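Fold and geometry: a report
Take a look at the letters that make up each chain.
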Amino acid sequence: LNLPSTSFPMRADAAKREPALQEHITASLYKWQEANNKGDLFVLHDGPPYANGSLHIGHFLNKVMKDIIVRYNVMKGRKVSFIPGWDCHGLPIELKALEKLSQAERKALHPLELRQRARNIAEAAIADQRASFQRWGVMADWDNAYLTMDPAYEAAQLRVFAEMLERGNIFRGLR
């Protein structure tokens, strides 16, 4: 073979080169656009996934579509705010916490212990899901993600609920 001489390496070394490239096209690009894009602010609110296990194709489709929207707006010169989050409460996480317990263990389980088990499951799922989303190349403000189990988030929700109650928006009645 008569191949030209180039400065390109013979092997791609993707395993070595990809992490740096990925950092450049996700976290670094997100920080760059915050500092340099002068256009209007574009905010994408993230409807959060449950923090109760591994991701599936639906999560992939959801995040890739959001990533396309985010990157499109960055290319249009807009300053983008995309803060990811996780829903850390509710039946899916509680069911996951109860999954490996026998009926007797479930009956003996104190509600505070159930909440702690659910919290531990949520924390592990968040770490796993965050790593997967970043590995997929989703560009977002990963350093400031919101979790519905954060005390400040819960307090804000209670304040909104109290305000709605004071305004008479919350009531008990029949349809």
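Before going into details, it helps to say that this report is about the structure given with it. (Residues numbered from 1 in each chain as written. Predicted model: local features only at pLDDT ≥ 70, side-chain atom pairs only at ≥ 80, totals over all residues. Heavy atoms only, no water.)

Concerning the overall build of the protein chain
Threshold: Only DSSP runs of H or I with at least four residues qualify as helices, and only runs of E with at least two residues qualify as strands; both kinds are numbered from the N terminus onward. With the radius of gyration taken over C-alpha atoms, the globule rule is written as 2.2 Å times the number of residues to the power 0.38. Note on exposure labels: buried denotes an accessible area under 20% of the residue type's maximum, exposed denotes more than 50%, and partly exposed covers the range between, all computed with a 1.4 Å probe on protein chains only. Whether two residues are in contact is decided by their heavy atoms, any of which lying within 4.5 Å being enough. Only the protein chains shown count as cover for residues, and all accessible areas are computed by the Shrake-Rupley method using a 1.4 Å probe. By the counting rule applied here, Lys and Arg register as positive and Asp and Glu as negative, while His and the ends of each chain are not counted. Just so you know, the charge point we use is NZ for Lys, CZ for Arg, CG for Asp and CD for Glu.
In terms of helices and strands, the protein chain carries six helices and four strands. When the helices and strands of the protein chain are read in sequence order from the N terminus, they spell out α-β-α-β-β-α-α-α-β-α. For 175 residues, the compact-globule estimate of 2.2 N^0.38 gives 16 Å, and the C-alpha radius of gyration of the protein chain, at 22 Å, exceeds that figure by more than 25%. The burial tally for the protein chain puts 27% of its 175 residues in the buried class. In the protein chain, the proportion of contacts linking residues at least 24 apart, taken out of those at least 6 apart, comes to 80%. Accessible surface, the protein chain as shown: approximately 12700 Å² in total, 58% of it carbon and sulfur. In the protein chain, 24 side chains carry a positive charge and 20 a negative one; their mean positions are 3 Å apart.

Details of helix H1 (residues 14-36)
This is how it is decided: Note that bend, as reported per residue, equals the angle between axes fitted to the 7 residues terminating at that residue and the 7 residues originating from it.
Remark: the principal bend of H1, roughly 40°, maps to Leu 29. Along H1, the residues that are buried comprise Gln 22, Thr 26, Tyr 30 and Gln 33.

Side note on the pairing of strand E1 (residues 41-45)
Short version of the rule: Think of it this way: DSSP has to see at least two bridges between two strands before they count as a pair. The definition of a right-handed crossover adopted here requires that, viewed with the strands pointing away, the path from the first strand over the helix to the second runs clockwise.
Direction of pairing for E1 relative to strand E2 (residues 79-83): parallel, over a ladder of five bridges. Note on E2: the bridge partner recorded for Val 43 is Ser 81. With helix H2 (residues 57-75) bridging E1 and the parallel E2, this β-α-β connection has right-handed handedness.

Comments concerning helix H3 (residues 91-98)
Quick note on the threshold: Taking the helix axis as origin, the arc is that swept by the directions to the C-beta atoms.
Residues of H3 that are buried include every one of Ile 93, Ala 97 and Leu 98, and no others. Angular distribution of buried residues about the axis of H3 spans 135°; they occupy a single face of the element.

Describing the packing of aromatic side chains
Put simply, the rule is: What counts as a ring pair is set by centres within 6.5 Å for rings of Phe, Tyr and Trp (its six-membered ring), and what kind of pair is set by the plane angle: stacked under 30 degrees, edge-to-face over 60, tilted for all other angles.
In this structure the tally under the stated criterion is six aromatic pairs. On the numbers, 6.3 Å between centres and 45° between planes, the contact of Trp 86 with Trp 142 is tilted. You can see Trp 86 sitting in strand E3 (residues 85-86) and its partner Trp 142 sitting in the loop between helix H5 (111-135) and strand E4 (146-147), a full 56 residues away along the chain. Here Trp 86 matches Trp 142 in class, with each residue buried. Ring centres of Phe 133 and Trp 136 lie 5.5 Å apart, and the angle between their planes is 70°; this geometry places the pair in the edge-to-face category. On the accessibility criterion, Phe 133 (1% relative accessible area) is buried.

Remarks on the environment of Ala 125
Note that Ala 125 resides in helix H5. If near-sequence neighbours (up to four positions away) are discounted, Ala 125 is found in contact with Ala 51, Asn 52 and Gly 53.

Some points on the environment of Arg 130
Secondary-structure assignment places Arg 130 in helix H5. A relative accessible area of 23% places Arg 130 in the partly exposed class. For the pair Arg 130 and Pro 84, spaced 46 residues apart in sequence, the C-alpha to C-alpha distance is 9.2 Å.

With respect to the pattern of salt bridges
Let me state the cut-off plainly: Should a side-chain nitrogen of Lys or Arg be within 4 Å of a carboxyl oxygen of Asp or Glu, the pair is scored as a salt bridge.
Enumeration over the complete set of coordinates arrives at nine salt bridges. The partner of Glu 18 in a salt bridge is Arg 135, and the shortest N-O contact between them spans 2.5 Å. Of this pair, Glu 18 sits in helix H1 while Arg 135 sits in helix H5, and the two are 117 residues apart along the sequence. Judged by its relative accessible area of 32%, Glu 18 is partly exposed. Residue Glu 123 is joined to Arg 119 by a salt bridge in which the shortest nitrogen-to-oxygen separation is 3.4 Å. With Glu 123 and Arg 119 both in helix H5, this residue pair falls four residues apart, about one helical turn. Its relative accessible area of 37% is what places Glu 123 among the partly exposed residues. Of the residues examined, Arg 119 reaches a relative accessible area of 30% and is grouped as partly exposed. Taken together, the salt bridges that share partners define one network made up of Asp 46, Lys 63 and Lys 66.

These values are about where atoms sit, not about what they do.
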